[in-house]
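Topology and contacts: notes
Below, each chain spelled out in residue letters.
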Amino acid sequence: MYDAFSRMENLLGTKGVKRLGSAKIAVFGIGGIGSYVVEALARCGVGSLTLVDNEDISLTDINRQLYALRSAIGRKKVQVAKEHIRDIDEDILVHTYETYYSNDTAGMFDLKAYDYIVDAMNSLASKILLIEQAKACGVPVISCLTTENKLNPARLEIADISRVSNDPFAKTIRVELRKKNVRKVKVLYSREKIRKEKNSRIMKDNNTDRASEGSISFVQGTAGMLVSAEVVKDLLAEKTRNK
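Computed from a predicted structure; not experimentally measured.

1. Some words on helix α4 (residues 124–137)
Residues that lie three or four places apart on an α-helix share one face, since the helix turns once every 3.6 residues. Relative to the 20 Å expected for 14 residues at 1.5 Å per residue, α4 spans 20 Å between its end C-alpha atoms, a close match to the ideal helical length. Ser-126, Lys-127, Ile-128, Leu-129, Leu-130, Ile-131 and Ala-134 are the residues of α4 that are buried. On its buried face, α4 is in contact with β1 (24–28), β4 (116–119), β5 (141–144) and α5 (170–179). At the exit of α4 stands Gly-138, carrying a positive phi of roughly 75 degrees.

2. Notes on the packing of aromatic side chains
Scanning the model with the defined rule gives four aromatic pairs in all. Taking the centre distance of 5.8 Å and the plane angle of 50 degrees together, the rings of Tyr-101 and Phe-109 count as tilted. When its relative accessible area of 7% is taken as the criterion, Phe-109 is described as buried.

3. Let's talk about helix α1 (residues 6–21)
Helix length check: α1, at 16 residues, gives a terminal C-alpha distance of 13 Å against a target of 22 Å (1.5 Å per residue), a shortfall beyond 12%. Largest kink in α1: about 110 degrees, centred on Leu-12. Among all positions in α1, only Ser-6, Met-8, Gly-16, Val-17, Arg-19 and Leu-20 are buried. Where α1 is buried, its residues touch α6 (217–237).

Each value, and the rule that gives it
- Going along each chain's sequence as written, the residues are numbered from 1 onward.
- The predicted nature of this model means local features are confined to residues of pLDDT at least 70 and side-chain atom pairs, given and counted, to a pLDDT of 80 or more, with totals for whole chains, interfaces and linings taken over all residues.
- For the side-chain quantities, the full set of heavy atoms in the structure was used; hydrogens and water were omitted.
- For helices the rule is a DSSP run of H or I covering at least 4 residues; for strands it is a run of E covering at least 2, with both sets numbered from the N terminus onward.
- Any helix carries an expected span of 1.5 Å times its number of residues minus one.
- Each residue is assigned to one of three classes by its accessible area relative to the maximum for its type, calculated with a 1.4 Å probe on protein chains only: buried under 20%, partly exposed between the two thresholds, exposed over 50%.
- The contact criterion used is simple: two residues touch if any of their non-hydrogen atoms lie within 4.5 Å.
- The criterion for an aromatic pair is that two Phe, Tyr or Trp rings (for Trp, the six-membered ring) have centres within 6.5 Å, with stacked assigned to planes under 30 degrees apart, edge-to-face to planes over 60 apart and tilted to the rest.
- Two axes enter the bend calculation: one fitted to the seven residues ending at the residue in question, the other to the seven starting there, and the bend is the angle between them.

The following block contains the structure:
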């Protein structure tokens, strides 16, 4: 008898499906990249997803974010995502936090409870803090670097941050992590040079004036799928890890 994941079982085997079905994964930031990470993991039948994002869906999200529909504008991303996930697989446990990850909120999360952590946040300080805390807990973490102002999804790659040379955040993250004695971290980045277009402008986004960055659906969507594939690969390959 076939079920929703029978074709995946043909590929991964029963043990693989069971491993994913017991996995607890946290995704911090469910915008352009993070929304596609969550989508792919949900369709892999993971056991539990924790979604962390404080933003509402806005009109300017529609070009690149999975949950951004005109009917959802003004709603919290995590709530729309939870409904979407439950429509895929009602057995997935979905935990939502309408907050940012920061020094003030880090105590809300027991990172040791997760099998894998995905950082898809925009805040540099939050990224550094989450990576540091995940490493301290011995939990695998992958961090998404800049995909804005990029147009070629074939240039996306996953590697250790030490190999990244053309990401504006990478150097800062490396320097700050070294101060905390963190040397290695897996990241998603693009080898494409940043495109600087003349039509950048200031736009109103979530009641804050900020410089707009270029983005497009297939770059951020591909990035999210690459990250989810890496998470699944690592989960299937891992040996027993002490909780």
